[in-house]
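A closer look at the structure
The chain contents come next:
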Amino acid sequence: MAVSAEEALSKVGPPPPDVVVTDYRLPGINGASLVRHLGGMGMQVNAIVMSAFTDEGTIEDAKSAGATFLPKPLDFAALGRLVQA
């Protein structure tokens, strides 16, 4: 667990995590950028970006990073299915 994308990046290492669940809005870089940075490190991960901000730009940013977008409030059953996939 990390409180920022930068902290998460400092903790991640081989092997890559099985899944990354992150909020879109974080201190520093956002969750979509976190997913992009992981990809740039050669780590292809199942990524889920969640946010209460469901504007088209936020959703598209998450999806273009290669993540699945989940709106808040979270549907925990849907989150569970995505994590298990």
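To be clear, the structure that these remarks concern was listed above.
So, a few notes on the structure that sits alongside this text. In this text the structure is predicted, and so the values were computed from the model without any measurement. (Residues numbered from 1 in each chain as written. Predicted model: local features only at pLDDT ≥ 70, side-chain atom pairs only at ≥ 80, totals over all residues. Heavy atoms only, no water.)

Turning our attention to the overall build of the protein. Scanning the protein from terminus to terminus reveals four helices and three strands. If you list the helices and strands of the protein from N to C, you get α-β-α-β-α-β-α. The C-alpha atoms of the protein give 12 Å as radius of gyration, which agrees with the globular expectation for 85 residues (12 Å, within 12%). Dimensions of the protein, computed from C-alpha atoms along their principal axes, come out at roughly 30 × 30 × 20 Å. Put simply, the protein has 85 residues, and 34% of those count as buried. With an accessible surface of roughly 5,000 Å², the protein has 58% of that area assigned to carbon and sulfur atoms. (Helix = DSSP H or I, 4+ residues; strand = E, 2+ residues; numbered from the N terminus. Rg over C-alpha atoms; globule rule 2.2 N^0.38 Å. Buried < 20%, exposed > 50% of the residue type's maximum accessible area, 1.4 Å probe, protein only. Areas by Shrake-Rupley, 256 points an atom, 1.4 Å probe, with all protein chains shown as cover.)

This next bit is on the sheet that holds strand β3 (residues 68-71). Read from one edge to the other, the open sheet built from three strands follows the order β1-β2-β3, with strand pairing classed as parallel. Only two strands of the sheet have a single partner each, and these edge strands are β1 (19-23) and β3. Direction aside, neighbouring strands of the sheet carry axes that sit 20° apart on average. Here strand β2 (residues 46-51) runs beside β3; their pairing, made up of four bridges, is parallel. Each residue of the ladder has a partner; that of methionine 50, found in β3, is leucine 70. (Pairing = 2+ DSSP bridges. Axes fitted to C-alpha atoms, helices over the stretch in contact; angles between N-to-C directions.)

Let us now look at helix α3 (residues 56-64). Inspection of α3 places Thr58, Asp61 and Ala62 among the buried residues, and these make up the whole buried set. Angularly, the buried residues of α3 cover 95° about the axis, an arc narrow enough to put them on a single face. The exposed set on the far side of α3, more than 90 degrees from its buried face, consists of Glu56 and Lys63. Looking at the packing, one finds that the buried side of α3 touches α2 (31-40), β2 and β3. Trailing α3 by a residue or two, glycine 66 shows a phi angle of about 100°, which is positive. (Arc of directions from axis to C-beta. Contact = heavy atoms within 4.5 Å.)

Another point: the pairing of β1. Where β1 and β2 come together, five bridges link them in parallel fashion. Along β2, the bridge assignment pairs valine 20 with alanine 47.

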